[in-house]
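Listed below are the residues making up each chain.
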Amino acid sequence: MNCHSYLCNNLKGTKIGDVMGDLWLRGQEECVEHYASVFVRESWGKLAPLLTDEDEGLQEAVQLGGAAK
């Protein structure tokens, strides 16, 4: 993802960017957006169920000041 992001940010308006074309650069930007959303979904998506009020284990941990039994 870092390589795609670097290409998007640094090749626009350069001779290499002109040779590769706008369509190619847009494709790189789409890759960055796709992998960023996959990362957020896989990393932070697992956290959302833990933050609901229905989770009794989490409520107990919060009441104990974060200390785990």
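Remember, it's a predicted structure, so these values are computed and weren't measured experimentally.

## Overview of the environment of Cys-8
Mapped onto the secondary structure, Cys-8 falls in helix 1 (residues 2-11). Cys-8 sits 24 residues away from Val-32 along the chain, and the two C-alpha atoms are 8.7 Å apart. The residues touching Cys-8, leaving out its near neighbours within four places in the chain, are Leu-25, Gln-28, Glu-29 and Val-32.

## A look at the packing of helix 1 against helix 3 (residues 22-44)
Across the interface, helix 1 lies against helix 3 with an axial gap of 8 Å and an inter-helix angle of 140°. Compared by their axis directions, helix 1 and helix 3 come out oblique. As for the relative orientation of helix 1 and helix 3, their crossing is left-handed in sense. Across the interface between the two elements, His-4, Ser-5, Leu-7, Cys-8 and Leu-11 of helix 1 pack against Trp-24, Leu-25, Gln-28, Glu-29, Cys-31 and Val-32 of helix 3.

## Considerations on a nonpolar patch on the surface
A cluster of nonpolar side chains, contributed by Phe-39, Val-40, Trp-44, Leu-47, Leu-50 and Leu-51, occupies part of the molecular surface with about 630 Å² of accessible area. In this structure, Leu-47 sits in the loop between helix 3 and helix 4 (56-63). Leu-47 gets classed as partly exposed once you look at its relative accessible area, which sits at 30%.

## Quick notes on helix 3
The terminal C-alpha atoms of helix 3, which comprises 23 residues, lie 32 Å apart, in line with the 33 Å expected from a rise of 1.5 Å per residue. If you check which residues of helix 3 are buried, you get Leu-25, Gln-28, Val-32 and Val-38. On its buried face, helix 3 sits against helix 1 and helix 2 (15-20).

## Brief notes about the environment of Cys-3
Position of Cys-3 among the secondary structure elements: in helix 1. A relative accessible area of 61% means that Cys-3 is categorised as exposed.

Calculation notes
All chains use their own residue numbering, which begins from 1 and follows the written sequence. Since the coordinates come from a predicted model, pLDDT governs what is reported: local features require at least 70, and pairs of side-chain atoms require 80 or more to be given and counted, while whole-chain, interface and lining totals use all residues. Derived side-chain values reflect all non-hydrogen atoms in the structure, with water molecules and hydrogen atoms excluded from consideration. Helix and strand labels come from DSSP, where a helix needs a run of H or I of at least four residues and a strand needs a run of E of at least two; each type is numbered from the N terminus. Only heavy atoms enter the contact rule, under which two residues are in contact if any of them lie within 4.5 Å. Orientation is described by axes fitted as lines to C-alpha atoms, over the contacting stretch for helices, and by angles from 0 to 180 degrees between their N-to-C directions. Oblique is the label for every angle not falling under 35 degrees (roughly parallel), over 145 degrees (roughly antiparallel), or within 65 to 115 degrees (roughly perpendicular). A clockwise turn of the near helix away from the far one marks a right-handed crossing, whereas an anticlockwise turn of less than a right angle marks a left-handed crossing. Candidate patch residues must exceed 30% relative accessible area and have no salt bridge, after which like charges are joined if within 9 Å and Val, Leu, Ile, Met, Phe, Trp or Tyr side chains if within 5 Å. Only the protein chains shown count as cover for residues, with accessible areas throughout obtained via the Shrake-Rupley method and a probe of 1.4 Å. Here, a salt bridge means any side-chain nitrogen of Lys or Arg that lies within 4 Å of a carboxyl oxygen of Asp or Glu. Accessibility here uses a 1.4 Å probe with only protein chains present; expressed as a share of the type maximum, an area under 20% marks a residue as buried, one over 50% as exposed, and anything in between as partly exposed. An expected span of 1.5 Å times one less than the residue number is assigned to each helix.

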